[in-house]
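# Working through the structure, step by step
The residues making up each chain are set out below.
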Amino acid sequence: MSVPSSAVGTAQIGVTGLAVMGRNLARNFARHGYTVAVHNRTFARTQSLVADHAADGTFVPSESMADFVASLERPRKVVIMVQAGAPTDAVIAELVPLLEPGDIVVDAGNAHFPDTVRREAALREAGLHFVGTGVSGGEEGALNGPSIMPGGTAESYASLGPILEAISAKVDGVPCCTHVGPDGAGHFVKMVHNGIEYADMQLIAEAYDLLRAGLGATAPEIGEVFAAWNTGDLESYLIEVTAEVLSHTDAATGRPFVDVVADAAEQKGTGRWTVQNGLDLGVPITGIAEATFARALSGSAPQRAAARGVLPADTLEWNVPDPGAFIEDVRLALYASKVVAYSQGFDQIAAASAQHGWDIDRGAMARIWRGGCIIRARFLDRITQAYERDAHLPLLLADPYFTAAVANGVAAWRRVVAAAAVHGVPTPAFSSSLAYYDGVRAERLPANLIQAQRDFFGAHTYRRTDRDGTFHTDWSGDRAEQTW
Ligand code: NAP
């Protein structure tokens, strides 16, 4: 089938890759009045989209990539929504020879940002704009309004941006989409978004575990606590989801649903990339890293089997005298730990932005995460306001609002982490967040000793607190200090 001549050059945007995400994005474009060219490697998917969803608007289906490209108005805007990695490269290779300078290729899949940097450079050589775009919110978001994080040139955003903003989620009338920065910036920010999502979920899981262990509360009882928390500072999609999941009953057994779900989670893709990148940049994203490792531990079946019932706990029975006060302590500890996780994630964005020259506006990132995506939360308004007060804020925790908000819960945070340790409940994200808080606020860290040790065994030199310069002590000789 070739595209009818009446349809040549009529579509304002095209989507290739019509599995669940591409299909829903195409429908979202159509519902917003755009004429949408649609294409998929396996034509049956294209046909079923058009057959099932004609009511959404105007689709121009094509079986071949050449017809698909021909159906687009110039400059062409093509959204690729296929599996990340080699499939994306295969689609780009097929598409590029059919395009002309000035056309815009949008990769809306979950690409790793170095791939986006590479592809952008290659397509720029051909005179094409390549826009690596983070899309968050899963299939529901793709259909009804995702959070969209496009990279690429400002020039490409000028024509593409209004279309993406139209289909994005809106909060208080403001689109959850903005130009993030050049080449890989969009996919980078999406990666960190997912890393923060890992941390947020782990913190919530630890809060649940503490309430279970400390109070002996049932899943539905804990669900009620989360539902109440969702009316305050912690209000967010993830807290809301948690309340719903905890109150759900398994139809097969009549037991609380979470009690029949296996306790082994996976870590792959964006969580792992975020941690690897944190190490590359030297940014301590301990909340995200602990969350990723906690998933890895949960899936370490042989190690857990070897340890379960064997390693002594040496814990005391946990009798919480005032359940209401304990619940409030856990809430405050959760909030403070969450602020740390976000503070670290925004540090990572700042460091990468500086390294790549992306000039990312962190306040704008918090703003476009307020709707459509998994970490959507009212709390993000506070982050936007913090970066509006100071665009170069070196530490989100040090913004006056967040300093005061965390100060309010520091004593509770310490009680919770201490109780978890005494009673043998693993809280890697709560504990590491508190350790980060104490580390970053410390007058003096024990890195002085690390430096002295390194100089002793490797002549790595050290700096002094009392004068400038680089020094080495002759440890194996007369221990005289030399200036290097
Ligand atoms: P997917 O399962 O990741 O990919 C399936 C699609 O890729 C199909 O259209 C398939 O075509 C196409 N494809 C695979 N290999 C191909 C190749 N070599 N050449 C051409 N097409 C190829 O689909 P998805 O779940 O809709 O996700 C699409 C993208 O969005 C992915 O990058 C994913 O990571 C990202 N994403 C997904 C979600 C989500 O919640 N699912 C959320 C955000 C982002 P055929 O029909 O011919 O097999």
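Throughout this description, residue numbers start from 1 for each chain and increase along the sequence as written. Per-residue local features of the predicted model are confined to residues with pLDDT of at least 70, and side-chain atom pairs are confined, for both listing and counting, to 80 or more; whole-chain, interface and lining totals are unaffected and use all residues. The side-chain quantities take in all heavy atoms of the structure and omit both hydrogens and water.

## Points about the packing of aromatic side chains
When two rings of Phe, Tyr or Trp (its six-membered ring) have centres within 6.5 Å they constitute a pair, described as stacked for plane angles under 30 degrees, edge-to-face for angles over 60, and tilted for the intermediate range. All chains considered together, the criterion is met by 14 aromatic pairs. Summarising the aromatic geometry, the rings of Phe226 and Trp229 are spaced 4.9 Å apart at their centres and angled 65° between planes, so their arrangement reads as edge-to-face. Residue Phe226 and its partner Trp229 are located together in helix α9 (residues 219–229), separated by three residues, close to a single helical turn. Considered together, Phe226 and Trp229 belong to a single accessibility category, that of buried residues. On the basis of an interplanar angle of 80° and a centroid distance of 4.9 Å, the ring pair of Tyr342 and Phe379 is categorised as edge-to-face. Of the two residues, Tyr342 sits in helix α14 (residues 323–356) while Phe379 sits in helix α16 (residues 379–389), which places them 37 residues apart along the sequence. Overall, the relative accessible area of 0% leaves Tyr342 in the buried class. Through a chain of ring-to-ring contacts, three or more aromatic side chains come together here, namely Tyr335, Tyr342, Phe379, Tyr401 and Phe402. The rule for a charge over a ring is simple: NZ of Lys or CZ of Arg within 6 Å of the ring centre, and within 35 degrees of the ring normal. When the ring centre of Tyr198 is taken as origin, the NZ or CZ atom of Arg295, which lies over that ring, is 3.7 Å away. For the cation-ring pair, Arg376 lies above Tyr237, with the distance from its terminal atom to the ring centre recorded as 4.0 Å. Elements are defined by DSSP. Helices are runs of H or I of four residues or more, strands are runs of E of two residues or more, and each kind is numbered from the N terminus. Buried means the residue's accessible area, taken with a 1.4 Å probe over protein chains only, is under 20% of the maximum for its type, while exposed means over 50%, and partly exposed covers the values in between.

## Side note on the UniProt feature "domain: 6-phosphogluconate dehydrogenase C-terminal" (unreviewed entry) in the chain
Taken from the UniProt record, the annotation "domain: 6-phosphogluconate dehydrogenase C-terminal" (unreviewed entry) applies to residues 186–476. The span residues 186–476 carries 63% helix and 1% strand; its end-to-end C-alpha distance comes to 52 Å. UniProt positions are given in the numbering used here, feature names are shortened, and annotations may be inferred rather than shown by experiment.

## Considering the pairing of strand β2 (residues 36–39)
Note on strand geometry: in a regular strand, side chains alternate between the two faces of the sheet. Of the two faces of β2, the one holding Val36 and Val38 and the one holding Ala37 and His39 are both buried throughout. Two strands form a pair only when DSSP identifies at least two bridges running between them. The pairing of strand β1 (residues 13–16) with β2 spans four bridges and is classified as parallel. Within β2, the residue paired with Gly14 across the bridge is Ala37. For the handedness criterion, the strands are oriented away from the viewer, and a crossover whose path from the first strand over the helix to the second runs clockwise is classed as right-handed. Between β1 and its parallel partner β2, the chain crosses via helix α1 (residues 20–31), and the hand of that crossover is right-handed. Note: β2 against strand β3 (residues 59–61), three bridges, orientation parallel. Bridge pairing links Val36 to Phe59 in β3.

## Describing the side chain of Arg331
Inspection of the secondary structure assignment puts Arg331 in helix α14. By the convention used here, residues are in contact when the closest approach between their heavy atoms is within 4.5 Å. When neighbours within four sequence positions are excluded, Arg331 is seen to be in contact with Trp229, Asp233 and Leu234.

## Some thoughts on the site of the ligand
Proximity is defined per residue: any heavy atom of the residue falling within 4 Å of a molecule or strand makes that residue near it. With respect to spatial proximity, 19 residues lie near the ligand, and among them Met21, Asn40, Thr42, Arg45 and Val82 are the closest. Two N or O atoms form a polar contact when they lie within 3.5 Å of each other; inside protein one atom must be a possible hydrogen donor and the other a possible acceptor, and for residues adjacent in sequence the pair counts only when both atoms belong to side chains. Residue Ala84 places a main-chain N or O atom 3.5 Å away from an oxygen atom belonging to the ligand. Burial of the ligand by the protein amounts to 75% of the accessible area it has alone, namely 900 Å². Counting only elements with at least two residues in the shell around the ligand, the list comes to α1 and α4 (86–95). Classification convention: Asp, Glu, Lys, Arg as charged; Ala, Val, Leu, Ile, Met, Phe, Trp, Tyr, Cys, Pro as nonpolar; all other residues, Gly among them, as polar. Of the residues assigned to the shell around the ligand, the class counts are ten nonpolar, seven polar and two charged. Under the convention used here, a 1.4 Å probe and the Shrake-Rupley method define accessible areas, while residue burial counts only the protein chains that appear.

## Section: the nonpolar core
Residues enter a nonpolar core if they are buried and are Ala, Val, Leu, Ile, Met, Phe, Trp, Tyr or Cys, with the set joined through side-chain atoms within 4.5 Å. With 87 residues, the main nonpolar core has Phe226, Trp229, Phe346, Trp369 and Ile383 as its most contacted residues. If you look at the next biggest cluster of nonpolar residues, it comprises 27 residues, including Ile13, Leu25, Ala30 and Ala142.

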